[in-house]
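Observations on the model geometry
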Amino acid sequence: MRAFDELKRLELFFKDDSKHGVSVVDLYELVQHAGNILPRLYLLCTVGSIYIKSKEAPAKEVLKDLVEMCRGVQHPIRGLFLRSYLAQISRDKLPDIGSEYEGDADTVMDAVDFVLQNFTEMNKLWVRMQHQGPGGVREKREKERSELQDLVGKNLHVLSQIEGVDLEMYKETVLPRVLEQVVNCKDDLAQYYLMDCIIQVFPDEYHLQTLETLLGACPQLQPTVDVKTVLSRLMDRLSNYAASSADVLPEFLQVEAFSKLSNAIGKVIEAQLDMPAVGAITLYVSLLTFTLRVHPDRLDHVDQVLGACVKKLSNIPKLEDSRAMKQVVALLSAPLEKYNDILTALTLSNYPRVMDHLDIGTNKLMAMVIIQSIMKNNSCISTADKVEVLFELIKGLIKDIDGADVDELDEEDFKEEQNSVARLIHMLYNDEPEEMLKIICIVRKHTMVGGPKRLPFTVSSLVFSALRLLRQLQGQEGDIVGEEASMTPNKIFQLLTQIIESLSAVPSPELALRLYLQCAEAANGCDIEHVAYEFFTQAFLLYEEEIADSKAQVTAIHLIIGTLQRMNVFGVENRDTLTHKATGYSARLLKKADQCRAVYACSHLFWVDDQDGIKDGERVLLCLKRALRIANAAQQMANVARGSGGPVSLFVEILNKYIYFFEKGNKQITSSAIQGLIELINTEMQSDSTNPDSVADAFLASTLRYIQFQKQKGGVMGEKFESIKL
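Definitions and limits used
- Residues numbered from 1 in each chain as written.
- Predicted model: local features only at pLDDT ≥ 70, side-chain atom pairs only at ≥ 80, totals over all residues.
- Heavy atoms only, no water.
- Helix = DSSP H or I, 4+ residues; strand = E, 2+ residues; numbered from the N terminus.
- Buried < 20%, exposed > 50% of the residue type's maximum accessible area, 1.4 Å probe, protein only.
- Contact = heavy atoms within 4.5 Å.
- Areas by Shrake-Rupley, 256 points an atom, 1.4 Å probe, with all protein chains shown as cover.
- 1 Å grid on protein atoms, 1.4 Å probe; cavity = no way out; pocket = protein on both sides within 12 Å on 5 of 7 lines; lining within 4 Å.
- Points joined across faces, edges and corners; volume = space filled by probe spheres on them.
- Nonpolar A, V, L, I, M, F, W, Y, C, P; charged D, E, K, R; others polar.
- Polar contact = N/O pair within 3.5 Å; in protein donor to acceptor, adjacent residues only side chain to side chain.
- Core = buried A, V, L, I, M, F, W, Y, C linked by side-chain atoms within 4.5 Å.
- Domains from an automatic or database assignment.
- Phe/Tyr/Trp six-rings, centres within 6.5 Å; stacked < 30°, edge-to-face > 60°.
- Lys NZ or Arg CZ within 6 Å of the ring centre and 35° of its normal.
- Salt bridge = Lys/Arg side-chain N within 4 Å of Asp/Glu carboxyl O.
- Axes fitted to C-alpha atoms, helices over the stretch in contact; angles between N-to-C directions.
- Parallel < 35°, antiparallel > 145°, perpendicular 65-115°, else oblique.
- Left-handed = near helix turned anticlockwise from the far one by under 90°.

**Looking at the overall build of the protein chain**
Across its full length, the protein chain holds 37 helices and zero strands. For the protein chain, buried positions account for 50% of its 726 residues. Sequence-distant contacts in the protein chain: of pairs separated by 6 or more residues, those separated by 24 or more amount to 72%. Just so you have it, the protein chain exposes about 34500 Å², and 50% of that area is on carbon and sulfur atoms.

Here it is in C-alpha cells:
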C-alpha cells in the first residue's frame, strides 16, 4: 500500500510536463526501456494512466496494451500485486457509458474485456500460488492465499460497477466467462470464494434471470468446495429480494425459481456422496426459508422440501450429529413461525416423517416447540384427524420411546413437559359432540400408554374435557336423534369411569377421589341418580382402601362432605346411606380435632338451605352435640398429656355453627344453648390462664361482636338474638 501511495506521487510528477519536459507519448515509450521488468511495468501502468487521461490515444488501446504487457510478470505474488495496481489505476478510466473515455459505440465491450482479462490472469496467478515453495508449508501458503483473495475479487466488483453491463450483456458474456474461469481453475479455495463473490456483487435481479446458468456451475465444482454455503447465501439473497417488494414475485414464478433451486440442490447432494448430513439439511433449511418467503401459499413446495429431507435422512442409519439435529429443528420450526398456525403444519404429510428421524431429546424439544406455538397463537384443533396427527408429532412427550432413559430426566423439566401436554388437551375443541367424543377417544388412546409417571398429569385434563362435552350435550335443546343417538350422557360417564380407573395403576388415590366427586357432581347436573351414587361408592372405596395418610384422609372427607351437601339428585334412601357413611368416617379420623371439625361439617348434610326437603334440625343438633363431646374429650386428653387445657378454638368453631343454624331458623338450636356454649368457653379460657391462645381469643371476640351487631340491628333477627346475654 505504501508503494502504491508512492506511485501516486510519481503519477502527479509525470502529469506535470513542466517538471520533466517530456511529452506523455515519449514518456510512455521511455519507461519501457527500464532494465528490470517489474519496475518497468509499474512505471508503464503509472504513465499509461496519464496517457489515457491526456486522451492522445483511445483508452481501450492503452488498456489493452497494459493488460497484455503485464503478462511479463509470472511470479504469482508479484504478478497479483502488479495487476491489482493496474485494476486500481484503471477503474475510473474505463470506456464506459457516460464516461469521458466512452469513445466508439461498442467500447463498453472493450471495458468488460479488459476487466475480464485482468481477472482471468489474476485468478491463474492466485491459483498457481499453491504450487510455490516446498510441500511442507502448504498450510502457510493457504493462509497467504486467503489473505490475498480480495485482490482477485475486486475485479468482479469493478465489473458490477460498469454502467454498460446490462442484463443482456451479463447473461451473454460476463457470467459465462466468469463461471468458465471458476470451473476451469479446479481449485476449491478459488471456486468457493469466486462463487460467493458473484452472488454478493451482482444485482439480485441478474441472479434471478440467470439462475439456471449459475446453478449449472455448482455440480461442476470440486467435491471439497462448500457448495451448501454458496447456495444458502444465494437463496438468502433471493429471499430478501422477494421480501423487499411484492412486485418482484411474478418474476420468481416466471423463471420457476423454486424448481430450479430444488433440482440444483438435488444434483449437488447426489454429486457429493460424502457430504455430511448437516450440509444437506442446511441446504434444505435455506430452500424451505426461500419458498416460505417467496411462495407462502404453496404448501406443496414446503412438503416437497420436507420429503427430500426425509429421503436424505432415511439413508443415514442414526442421526447423531448435534449440528444436524439443530438444522432439522430449524427446518421443522420454519413453517410454524411463518404460518403462526400448527394446523398448516398438520396438513404436511412429510412433517411427522421428518420428526421420526430426531433423537429422543430433540424430539421432545420439537414437541415442546409445537405445543408452545399452539399456546402462543391460541390455535384450536377441532377435528379428530388433525388431533391424531398432532399426537403422533408429540409422542415423545406422551409416552416412553424405546431407548429413553427415564431416570435421567430432570424432575422440573418433566413436570413442565407434562403440564404443557395437559394444557394442550384443553385446547382441543369441537362444537359437534360426535366429533368431540372422537377427539377425546383419540387423546385417551395416546395418553393411556404414558405410564404411571405421566397419567396423573393427563388424566385430569381428559376428564375435564369429557365433562365439558357433557355440559355441551346438556346445552343442546330437544332430543338427540339419528346419527347422534349414541351420544348419551351415560356413554360419557362410562368413558369417564374407564379413564379414572387407569389411575389405579399409578396409584394416585387422592386424585382419583377428586375426579370421582367431580363426575358425581356432573351426574347430579344430568339428574342421573344411579350414576352419581356409583361415583360416590367409588370415592368411598378409595377412601377406605387406598388413602392411609391422616392428612390426606382429612382433606378427602371434607371434599366428600362438601360434594354430598351440593347433591340434590338422591332419593331419601341413597342420601341416608351416603350421609351415614360420611358421618361414620368423620368420627373415625385419627386426631380428635380433625374428628370434631369433620363431624360438625356433617351437620350441613342435614340442612341444605336451598332445598325444602332437607331441613332436619334434630340431626343437625345431634351432629353439633357429638362435635361438642369430641371437643370435650380433646380438651381432657390435652389436660392429661400436658397438664393444662388444650386450645378452646374448637369450641369457638362449634359456637359459630350453632349461630349459623340459629340464624337459618333451625328450631332445635335455641338461644339458651348458645348462651351455655359461650359460658363454657369463658370458663375454659379462665381455667387455662397459664397458656393464653391469642388466635382463639381473637376468634371469640369477633364472634361475640357479631352477636352484638345482630342484637343492635333490630327487627326479627334482633329479637332472636336479644335473649343471648354476653
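After that view of the structure, there is still more to cover.
**Here's the deal with empty space enclosed by the protein**
One simple way to see leftover space: roll a probe sized like a water molecule over the atoms. Evaluation of the coordinates by the stated rule reveals one cavity of 30 Å³ or more. If you trace the largest cavity, you find it lined by Ala87, Ser90, Arg91, Leu94, Phe114, Val115, Asn118, Asn155 and Val158. Looking at the lining of the largest cavity, the elements that each hand over two or more residues are α6 (76-90), α7 (107-128) and α8 (138-161). Looking at which element gives the most residues to the lining of the largest cavity, the answer is α7, with three residues. The residue inventory of the lining of the largest cavity, partitioned by class, reads five nonpolar, three polar and one charged.

**Digging into the layout of surface pockets**
Empty space within the largest pocket amounts to approximately 320 Å³. Surrounding the largest pocket, 14 residues form its lining, Gly266, Ile269, Tyr284, Ala308 and Lys311 being those nearest its centre. Those elements that provide at least two residues to the lining of the largest pocket are α15 (257-271), α16 (277-294) and α17 (299-314). A per-class count over the lining of the largest pocket returns seven nonpolar, four polar and three charged.

**A closer look at the side chain of asparagine 430**
Mapping asparagine 430 onto the fold places it in the loop between α24 (411-427) and α25 (433-447). Among the polar contacts made by the side chain of asparagine 430, one reaches the main-chain carbonyl oxygen of serine 382 at a distance of 2.4 Å. Separated by 2.7 Å, the side chain of asparagine 430 and the backbone nitrogen of glutamate 432 make a polar contact. When neighbours within four sequence positions are excluded, asparagine 430 is seen to be in contact with Ser382, Glu435, Met436, Ile439 and Gln472.

**A short note on the nonpolar core**
Across soluble globular proteins, you tend to see nonpolar side chains buried next to one another. Core analysis: the biggest nonpolar cluster contains 235 residues, and Ile198, Tyr351 and Ile370 have the highest contact counts within it. Looking at this core element by element, the count peaks at 12 residues for α16. When residues of this core are assigned to domains, at least three fall in each of domain 1 (221-344) and domain 2 (591-725). Those residues in contact with isoleucine 370, other than ones at most four positions away along the chain, are Leu336, Ile342, Tyr351, Met355, Leu390, Leu393 and Ile394.

**Comments concerning the packing of aromatic side chains**
Overall, the coordinates contain 15 aromatic pairs when judged by the stated rule. Plain terms: the ring middles of phenylalanine 540 and tyrosine 585 are 5.5 Å apart, the flat faces sit at 40° to each other, and that makes the pair tilted. Of this pair, phenylalanine 540 sits in helix α29 (residues 529-545) while tyrosine 585 sits in helix α31 (residues 572-587); the two residues are 45 residues apart in sequence, bridging distant segments of the chain. Each member of the pair, phenylalanine 540 as well as tyrosine 585, is classed as buried. Directly above the ring of phenylalanine 414 sits lysine 453, whose terminal nitrogen or CZ lies 4.8 Å from the centroid. Of note, lysine 720 hangs over the ring of phenylalanine 662, and the distance from its end group to the ring centre comes to 4.9 Å.

**Considerations on the pattern of salt bridges**
Under the criterion given, the structure shown has 17 salt bridges. Residue arginine 233 pairs with aspartate 196 through a salt bridge whose shortest N-O separation is 2.7 Å. Of the two residues, arginine 233 sits in helix α13 (residues 227-244) while aspartate 196 sits in helix α10 (residues 188-201), which places them 37 residues apart along the sequence. The class for arginine 233 is partly exposed, based on a relative accessible area of 33%. Taking relative accessible area as the criterion, aspartate 196 reaches 14% and is therefore assigned buried. The residue arginine 597 makes a salt bridge to glutamate 653 at a minimum N-O spacing of 2.9 Å. Residue arginine 597 is located in helix α32 (residues 592-602), and its partner glutamate 653 is located in helix α34 (residues 649-663); the two are separated by 56 residues in the primary sequence.

**Re the side chain of glutamine 675**
Note that glutamine 675 resides in helix α35 (residues 671-687). Assessed through its relative accessible area of 14%, glutamine 675 is described here as buried. Beyond its immediate sequence surroundings of up to four residues, glutamine 675 is in contact with Ser723, Ile724 and Lys725.

**Observations regarding the packing of helix α27 (residues 489-501) against α29**
Two elements in contact, α27 and α29, have axes separated by 11 Å at closest approach and are oriented at 10°. Relative to α29, α27 is oriented roughly parallel. On α29, the residues touching Asn490, Phe493 and Thr497 of α27 are His530, Val531 and Phe535. Classifying every residue of the contact of α27 with α29 gives three nonpolar, three polar and no charged.

**Details of the packing of α29 against α31**
The contact between α29 and α31 brings their axes to 11 Å, and the two run at 15°. When the axes of α29 and α31 are compared, the pair comes out roughly parallel. Like other packed secondary-structure pairs, α29 and α31 cross with a definite hand, here left-handed. Contacts from Glu529, Tyr533, Phe536, Phe540, Tyr543 and Glu544 of α29 reach α31 at Asn574, Thr577, Leu578, Lys581, Ala582 and Tyr585. Of the residues that constitute the contact of α29 with α31, the class distribution is seven nonpolar, two polar and three charged.

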